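Each chain is listed here by its residues.
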Amino acid sequence: MTTQSQTKVNYVETVGFGADVGGRGFHIPVDLSIRPDGRIFVVNRSPMHRRGIRVGICDVNHGWYHEFGSDGSGDGQFTGPTAITHGPDDRVYLADEELNRITVYDPDGEFISKWGEQGTAHGQINGPAGLKFASNGDLLVVDHLNNRVQRMTPDGRYISHFGSEGSGEGQFNLPWGIDTDSDDNIYVADWRNDRIQRFTDEGEFIDMYGSSGSDEGQFNRPSDVAVDQDGFIYVADWGNQRVQVFDSNWSFVDSLRGAATVSPWAQEYLNANADELEARSRFDPFVEVDTDDPHEVSSRVEGYLWDPTAIEIDPEGRLIITDSLRHRLQVYQRT
């Protein structure tokens, strides 16, 4: 049995390369979902270069397959993508906070259907953020601006919901990411309340953890949460530019600031551009900076995480982080 004192989360590698108008690589990746065969579906928000809005498919071994989706409001398109997940038959579900809808694709990204209506009534949504399928096949939708989590059928029929606006137990203030554990408990990143809340499968409050700040166990706008098969909890501490790791009892285990190296895709680019390769030989990716502001530090230190937005656990137990403003994924493994 692994104990906390034996636990360490090690950097493995970096996957990715900046691609702001499409093609192999990412641009402002905000969420990811991992198919059972290990293929990673990465949502690119790309607000500045609308041609970069798409889903790219890769794997942890730097394989690149293809991409699907584009900017727009037509079938299969999206304008404000926030979340992605895989459901029954490996179908892909994508949330769009601007169009207030969920789009459904086949396993290869071909459009199947879409559903969703803006509002506050049961089954209506306002700014859908996190998506996660429960073990029984129901879809959990983080209804961001309605401060609740709705349980829906895969075709969008309302089942139930939990949560309301506030800071008390079971209440939310702009929730975002979501995950479930092996016991079907539900974890929600309560973004503006700077905490993670844990619920039963029925939406009954269990406990919550976190407070505002930058110390161990404190958060600054946590955007996502993931739980591995051993119950270890990983929190994308977005405003603090890190991922924090806890055991199932909320005991602090580790803090990941980022340790990125040059990905093979980026190295291919450098090898094809002699001037940039030569300049790179003089570059320090972990340079000392004259500020303590986490966001400013991340903007200057290439190896660090810069706005980590989402985290997932792959079939091999590896932690995969969307390193959003560096247009890449950072991969870690718990030992």
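Shown above is the structure to which this text applies.
Residues numbered from 1 in each chain as written. Predicted model: local features only at pLDDT ≥ 70, side-chain atom pairs only at ≥ 80, totals over all residues. Heavy atoms only, no water.

Enquirer: Go over the pattern of salt bridges with me, naming the residues and quoting the values.
Expert: Inspection of every chain in the model, using the stated rule, returns 24 salt bridges. Notably, a salt bridge pairs Asp155 with Arg157, separated by 3.4 Å at the nearest N-O pair. With a relative accessible area of 47%, Asp155 lands in the partly exposed category. When its relative accessible area of 53% is taken as the criterion, Arg157 is described as exposed. (Salt bridge = Lys/Arg side-chain N within 4 Å of Asp/Glu carboxyl O. Buried < 20%, exposed > 50% of the residue type's maximum accessible area, 1.4 Å probe, protein only.)

Enquirer: Can you lay out the pairing of strand β10 (residues 128-133) for me, pointing to particular residues and giving the numbers?
Expert: A large share of β10 lies buried, amounting to 6 of its 6 residues. Here 4 bridges tie β10 to strand β11 (residues 139-143), and the two strands are oriented antiparallel to one another. Paired with Leu131 across the two strands is Val141, which belongs to β11. The turn linking β10 back onto β11 is made up of 5 residues, and Gly137 within it adopts a positive phi angle of 95 degrees. (Helix = DSSP H or I, 4+ residues; strand = E, 2+ residues; numbered from the N terminus. Pairing = 2+ DSSP bridges.)

Enquirer: Tell me about helix α1 (residues 264-271), residues and numbers included.
Expert: Among the residues of α1, those classed as buried are Trp265, Ala266 and Leu270. Buried residues of α1, seen end-on, are gathered within an arc of 140 degrees and therefore sit on one face of the element. Residues of α1 that are buried in the fold lie against β1 (9-15), β4 (54-58), β5 (64-68) and α2 (274-280). (Arc of directions from axis to C-beta. Contact = heavy atoms within 4.5 Å.)

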